[in-house]
Amino acid sequence: MEAARRVDVELVYEGVNISRDIAPFFVDLTYTDNAHGEDDDLQITLEDREGKWRGSWFPERGAPVRAALVSRNWEKPGVNVRFPCGTFEVDEIECSGPPTVVKIKAVSSPVKGVLKRELVTKAWEAVSLSEIASELAGKHGLGLVWESGEDPVYERKDQVETADLVFLRELCEEAGAALKTTDAQLVVFSEEEYEKKPPSRTITPGMERLSGDRLRAKTAGTYKAVKVQYHDAVRDETFEVYTPEGKQMGKTGETLVVNRKVDSLAEAERLGKKKLYDANKREMSGSFSLMGDFQFVGGSTVKLSGWGKFDGVWFVERATHKVSRGGYTTDIDIRMGVKEGS
């Protein structure tokens, strides 16, 4: 007899494996993996007819939870695959009914939230972005993965009553890089480079594992050029630049005007390219609902084939994995990204 295909949930709460304990109460688990910009999150729904989860089993807010999914005979008989979701911090407990259920919501937390909540004031001088990222990672006991070609050097940057993660994320965004936190590391990467990764899957119309799709192309909110301008009153100096894209295509379409403090023409050019990229990167976007698949993760790519003008390689901004009594599904939010000359 062929073994049944299924996906099991592994949960470790405050260092204790509670997978078997929650099994009789389990309704569903949803894990959302964001490429960047937002924390990954975990939601677990449990039956509570006996009142245990509202009583003696009530989760502690701030408690660490480690989650993983294990597929058994999913892709083929006899093959088991473990998919780590990461470590999370319990953020919210919601009780509702009837029927009485408890929903536990948790967010990714590499260091018990200190990285995100403790306000810090510090002056950074003659330092590069990678050096700031390295120092902050070390401060919080994290590793640093650097996958960005841009590494600007600053004469001075002031961190004023700002959490380390917020400060670093803002610097990365200004430099055209993205930031993601995982279990034990900070990852700084280039979205444009990640868009060039080989696709993990090809999605075609009518394929068996596909249950829903939505694709969209738009022009509203997109631009042909960008102009950055800033006047430094203290130095009585004006910085004004067009990106290379602006020089080539500024006579057609709208121009995005950015007025933000910059310290050099090089910084103004980086900022302009980043703002133009951010404005245009969702010109083509979409979403798919599919049979559960561990290959879909935030920051990966997929190929669309047979979708006409939408064919090509797309960037996965968000992958949502859901395990329930009814099975395992994956939803992905995708965008095509910005092509050279577009």
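What counts and how
- Residues numbered from 1 in each chain as written.
- Predicted model: local features only at pLDDT ≥ 70, side-chain atom pairs only at ≥ 80, totals over all residues.
- Heavy atoms only, no water.
- Helix = DSSP H or I, 4+ residues; strand = E, 2+ residues; numbered from the N terminus.
- Contact = heavy atoms within 4.5 Å.
- Areas by Shrake-Rupley, 256 points an atom, 1.4 Å probe, with all protein chains shown as cover.
- Lys, Arg positive; Asp, Glu negative; His and termini not counted.
- Charge placed at Lys NZ, Arg CZ, Asp CG, Glu CD.
- Phe/Tyr/Trp six-rings, centres within 6.5 Å; stacked < 30°, edge-to-face > 60°.
- Buried < 20%, exposed > 50% of the residue type's maximum accessible area, 1.4 Å probe, protein only.
- Salt bridge = Lys/Arg side-chain N within 4 Å of Asp/Glu carboxyl O.
- Pairing = 2+ DSSP bridges.
- Axes fitted to C-alpha atoms, helices over the stretch in contact; angles between N-to-C directions.
- Parallel < 35°, antiparallel > 145°, perpendicular 65-115°, else oblique.
- Left-handed = near helix turned anticlockwise from the far one by under 90°.
- Nonpolar A, V, L, I, M, F, W, Y, C, P; charged D, E, K, R; others polar.

Participant: Whenever I open this one, the overall build of the protein chain confuses me. Can you help?
Facilitator: Per the secondary structure count, the protein chain includes 7 helices and 21 strands. Overall size of the protein chain, expressed as C-alpha extent along the three principal axes, is 75 × 50 × 35 Å. The contacts of the protein chain with a sequence gap of at least 6 include a subset with a gap of at least 24, amounting to 68%. Total accessible area computed for the protein chain in this model is approximately 17500 Å², and 48% of it derives from carbon and sulfur atoms. A gap of 4 Å separates the mean positions of the 49 positive and 58 negative side-chain charges of the protein chain.

Participant: Can you walk me through the packing of aromatic side chains in this structure?
Facilitator: We describe a pair of aromatic rings using the distance from one ring centre to the other and the angle between the two ring planes. Using the criterion set out here, one finds 12 aromatic pairs in the structure. Aromatic side chains Phe25 and Trp53 sit 6.0 Å apart centroid to centroid with 85° between the ring planes, which places their arrangement in the edge-to-face category. Of this pair, Phe25 sits in the loop between α1 (19–22) and β3 (26–34) while Trp53 sits in the loop between β4 (41–47) and β5 (64–72), placing them 28 residues apart in sequence. Here Phe25 matches Trp53 in class, with each residue buried. Ring centres of Phe294 and Tyr328 lie 5.6 Å apart, and the angle between their planes is 50°; this geometry places the pair in the tilted category. One end of the pair, Phe294, is in the loop between β18 (284–291) and β19 (301–304); the other, Tyr328, is in strand β21 (residues 327–335), and 34 residues separate them in sequence.

Participant: Which parts of the structure should I look at to understand the pattern of salt bridges?
Facilitator: It is possible for side chains of opposite charge to pair when their charged atoms get near one another. For the coordinates displayed, the defined rule picks out 34 salt bridges. Among the salt bridges present, the one from Glu47 reaches Arg325, with a minimum N-O distance of 3.1 Å. Of this pair, Glu47 sits in strand β4 while Arg325 sits in the loop between β20 (312–324) and β21; the two residues are 278 residues apart in sequence, bridging distant segments of the chain. A residue is classified by how much of its surface remains accessible, and Arg325, at 53% relative accessible area, is exposed.

Participant: How do you make sense of unusual backbone geometry when you look at a structure like this?
Facilitator: Glycine aside, residues mostly have negative phi angles, and peptide bonds mostly take the trans form. Cis rather than trans, the peptide bond between Gly97 and Pro98 has omega equal to -15°. You will see that Asn73, though not glycine, has its phi angle at about 60°, which is positive. Tracing the sequence through the fold places Asn73 in the loop between β5 and β6 (80–96). Looking at Asn73, the relative accessible area reads 14%, which means it is buried.

Participant: Would you mind going over the sheet that holds strand β9 (residues 143–147) with me for this structure?
Facilitator: Taken together, the 3 strands give an open sheet; going across it, the order is β9-β12-β11, and neighbouring strands pair in mixed fashion. Every interior strand has two partners, whereas the edge strands, β9 and β11 (178–181), have only one. For this sheet, the mean angle separating the axes of adjacent strands, direction not counted, is 15°. Two elements, β11 and strand β12 (residues 185–189), share 4 bridges in a ladder whose sense is antiparallel.

Participant: Teacher, can you tell me more about the side chain of Thr32 here?
Facilitator: With respect to the helices and strands, Thr32 occurs in strand β3. Ignoring anything within four residues of it in the chain, the contact list for Thr32 reads Asp40, Asp41, Arg318, Ala319 and Thr320.

Participant: Just checking my understanding: could you explain the packing of helix α3 (residues 129–139) against helix α4 (residues 164–174) for this structure?
Facilitator: When two helices pack together, their arrangement is given by the angle between the helix axes and by the axis-to-axis distance. For the pair α3 and α4, the least separation of the axes is 11 Å and the interaxial angle reads 160°. Between α3 and α4, the interaxial angle falls into the category roughly antiparallel. The interaxial crossing formed by α3 with α4 has left-handed handedness. Across the interface between the two elements, Leu129, Ile132, Ala133, Leu136 and Lys139 from α3 touch Asp164, Phe167, Leu168, Leu171 and Cys172 from α4. Broken down by class, the residue content of the contact of α3 with α4 amounts to 8 nonpolar, no polar and 2 charged.

Participant: It is not clear to me how the sheet that holds strand β16 (residues 237–242) should be interpreted in this structure. Could you clarify?
Facilitator: What links the strands of a sheet is backbone hydrogen bonding, and the strands pair in either a parallel or an antiparallel sense. The mixed open sheet is built from 3 strands, whose spatial order is β16-β15-β17. The sheet terminates laterally at β16 and β17 (255–258), the two strands that pair on one side only. Shown here is a sheet whose adjacent strand axes are inclined to one another by a mean of 10°, direction ignored. Where strand β15 (residues 225–232) and β16 come together, 6 bridges link them in antiparallel fashion. Bridge assignment links Asp232 to a residue of β16, and that residue is Glu237.

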